[in-house]
Amino acid sequence: LSDLSISVCISSRELFSPSQKYQLLVYHADSLFHDKEYRNAVSKYTMALQQKKALSKTSKVRPSTGNAASTPQSQCLPSEIEVKYKMAECYTMLKQDKDAIAILDGIPSRQRTPKINMMLANLYKKAGQERSSVTSYKEVLRQCPLALDAILGLLSLSVKGAEVASMTINVIQSIPNLDWLSVWIKAYAFVHTGDNTRAINTICSLEKKSLLRDNVDLLGSLADLYFRAGDNKNSILKFEQAQMLDPYLIKGMDVYGYLLAREGRLEDVENLGCRLFNISDQHAEPWVVSGCHSFYSKRYSRALYLGAKAIQLNSNSVQALLLKGAALRNMGRVQEAIIHFREAIRLAPCRLDCYEGLIECYLASNSIREAMVMANNVYKTLGANAQTLTLLATVCLEDPVTQEKAKTLLDKALTQRPDYIKAVVKKAELLSREQKYEDGIALLRNALANQSDCVLHRILGDFLVAVNEYQEAMDQYSIALSLDPNDQKSLEGMQKMEKEESPTDATQEEDVDDMEGSGEEGDLEGSDSEAAQWADQEQWFGMQ
């Protein structure tokens, strides 16, 4: 309709006033924006601004003629500032952030509304202009002291929690039942400094308060923090609790799907992915969950496609970057994987799994020196906790010269957290190299006393085989396979045990084969053709 009206306006200028033409152009640009024709929308918004400029000049030269109808109409006209904001939105959708910043920078500071300052702050942050970003976030808080996104933005830029809290203190004191906000700010200040333990304790204290009990957002944050701290069991429990409260929850489900996939619960991952797609396919999370299912099913090309699709929907999705990076690494495209892990680190500098992915790439390409430098930086930046100690020890294990250092680091990690699975696995690997199987068995039994993990049961099975405890080793392999039916190493260990347990049966079978001569050869002739028919037909989804 607006397009037709503009054509009429051009053909017959007397039918519409200049202000009406301006409004028509804005309406037309808005409709294009909602149809996702962003370049065309920018063009029409620019024409509207030119018309507004001409309108302003005309009104200055020729004052109002007393037309009563024009006064209310002019008051209802879309503001020039609002039009510029919409242009900036178009530019961000087109990933032309510099143009978006330029258009918003052109608005005088005093005329900037909170949403303009918020967009500017986010754009500055993305462009690495931290000082300008902090200034814009603070301006948002000055106008809207309860803008929680602005608070999180400042905390993410290393502004101290006390300083941020001071900007909201007047509102907290003036509004009843808002005392929880200062604790909320404190909790997320710990989150953004990487102090996961204190962040968990603070959010737990908030969650126990009657006003915020069963808050889905807090439960999601708590689940994410347990994940960052390496406590996958509690992370899954909190995600499940949040899901029960809100069946349509999407935020954080990518991490939840990843944790389920790691535990071998691929059927649950598949069901979760289908449910999320039914809620929305315009978010990154459903694509990441499906990608995790493909990745842990060893269908790396499909996982790569799904990860790329998730990034296309949300370029800031850390889990999507990690998924795509891991798929590229396993496909042998290590240098491309490194780029994705570095971007994940830029977006989430306090998440250890981003650094783990990058270090694995360095080790895969035999760049032990780069891996060591990165592991040391993580150790210094995030502090000496069980996770960083284990990560540094993992790199040290790759160099025969630093084996003793790896042992010391792992002992420190296990002193802090005796149940930390990654530290237990690496210590067991070290003991296996030294052939200290009894020590390894004691370590694994202690770790399995209060938890059950497929990898730990499988390694315990390997150690028991080494000391000739075959029956218990078989039991451990069975437990491992019950936890993850797709664990190939446990299956191989069990099959090897079965062959070693029945050598007499094997010799009897050989004797029967010798007696029968070539009687079975005819049955075996078709094996190659059958193998060809059952070969994996995994298709490439167009991603190169």
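Note that the coordinates shown come from a computational prediction; the quantities given were computed from them, not determined experimentally.

A. Just helix α28 (residues 454-466), in detail. Taking 1.5 Å per residue, 13 residues should reach 18 Å; α28 reaches 19 Å between its end C-alpha atoms and fits that length. Every buried residue of α28 is listed here: C454, L456, H457, R458, I459, L460, G461, F463 and L464. The backbone nitrogen of V455 has a side-chain oxygen 3.1 Å away, supplied by the residue at the start of α28, namely D453. Looking one or two places after α28, you find N468, whose phi comes out positive at around 65 degrees.

B. Inspection of helix α7 (residues 114-126) at higher detail. Over its 13 residues, α7 runs 18 Å from end to end, which matches the ideal 18 Å to within 8%, given 1.5 Å per residue. Turning to α7, its buried residues number three or more, namely I116, N117, M118, M119, L120, A121, L123 and Y124. Here the buried face of α7 lies against α5 (80-93), α6 (97-105), α8 (130-143) and α9 (148-156). G128 lies just past α7 and shows a positive phi near 85 degrees.

C. Summary view of the side chain of Q387. Turning to its location among the elements, Q387 is positioned in helix α24 (residues 386-396). Setting aside its immediate chain neighbours within four residues, Q387 contacts R228, A229, G230, L352 and Y420.

D. Seen up close, the packing of aromatic side chains. According to the stated counting rule, one finds eight aromatic pairs in the structure shown. Aromatic pair F227 and Y258: ring centres 6.0 Å apart, planes at 80 degrees, arrangement edge-to-face. Residue F227 is located in helix α14 (residues 216-228), and its partner Y258 is located in helix α16 (residues 253-262); the two are separated by 31 residues in the primary sequence. By relative accessible area, which is 8% here, F227 ends up buried. Taken together, a centroid distance of 5.2 Å and an interplanar angle of 75 degrees make the contact between F295 and Y296 edge-to-face. K52 extends its terminal NZ or CZ atom over the ring of Y22, reaching a point 6.0 Å from the ring centre. The residue whose ring lies beneath K309 is W287, and the NZ or CZ to ring-centre distance is 5.5 Å.

E. Inspection of the UniProt feature "repeat: TPR" (unreviewed entry) in the protein at higher detail. Look at the UniProt record and you will see "repeat: TPR" (unreviewed entry) annotated at residues 318-351 and 454-487. Secondary structure content for residues 318-351 is 79% helix and 0% strand, and the end C-alpha separation is 9 Å. Counted over residues 454-487, helix gives 79% and strand 0%. Its end C-alpha atoms are 8 Å apart.

F. Examining the environment of R445 more closely. Structurally, the position occupied by R445 is in helix α27 (residues 437-448). Sequence separation between R445 and L456 is 11 residues; the distance between their C-alpha atoms is 8.9 Å. Discounting chain neighbours no more than four positions away, the residues touching R445 are L464 and E472.

Here is what the cut-offs are and how they apply
- Starting from 1, residues in each chain are numbered consecutively following that chain's sequence as written.
- A pLDDT threshold of at least 70 governs which residues receive local features in this predicted model, and a stricter bar of 80 or more applies before side-chain atom pairs are shown or counted, although totals over entire chains, interfaces and linings include all residues.
- With hydrogens and water excluded, all non-hydrogen atoms of the structure serve as input to the side-chain values.
- Counting from the N terminus, the helices are the DSSP runs of H or I reaching at least four residues and the strands are the DSSP runs of E reaching at least two.
- The length a helix should cover is 1.5 Å for every residue beyond the first.
- For every residue, the accessible area (1.4 Å probe, protein chains only) is compared with the maximum for its type, and the residue is labelled buried under 20%, exposed over 50%, or partly exposed between those bounds.
- Distance and chemistry together define a polar contact, namely a pair of N or O atoms within 3.5 Å, with one atom able to donate a hydrogen and the other to accept it when in protein, and with adjacent residues in sequence counting only for side-chain atoms on both sides.
- By the convention used here, residues are in contact when the closest approach between their heavy atoms is within 4.5 Å.
- Only the six-membered ring of Trp is used, alongside the rings of Phe and Tyr, when aromatic pairs are assigned; centres must lie within 6.5 Å, and planes under 30 degrees apart are stacked while those over 60 apart are edge-to-face, with the rest tilted.
- We call a charge positioned over a ring when the NZ of a Lys or the CZ of an Arg lies within 6 Å of the ring centre and within 35 degrees of the ring normal.
- UniProt positions are given in the numbering used here, feature names are shortened, and annotations may be inferred rather than shown by experiment.

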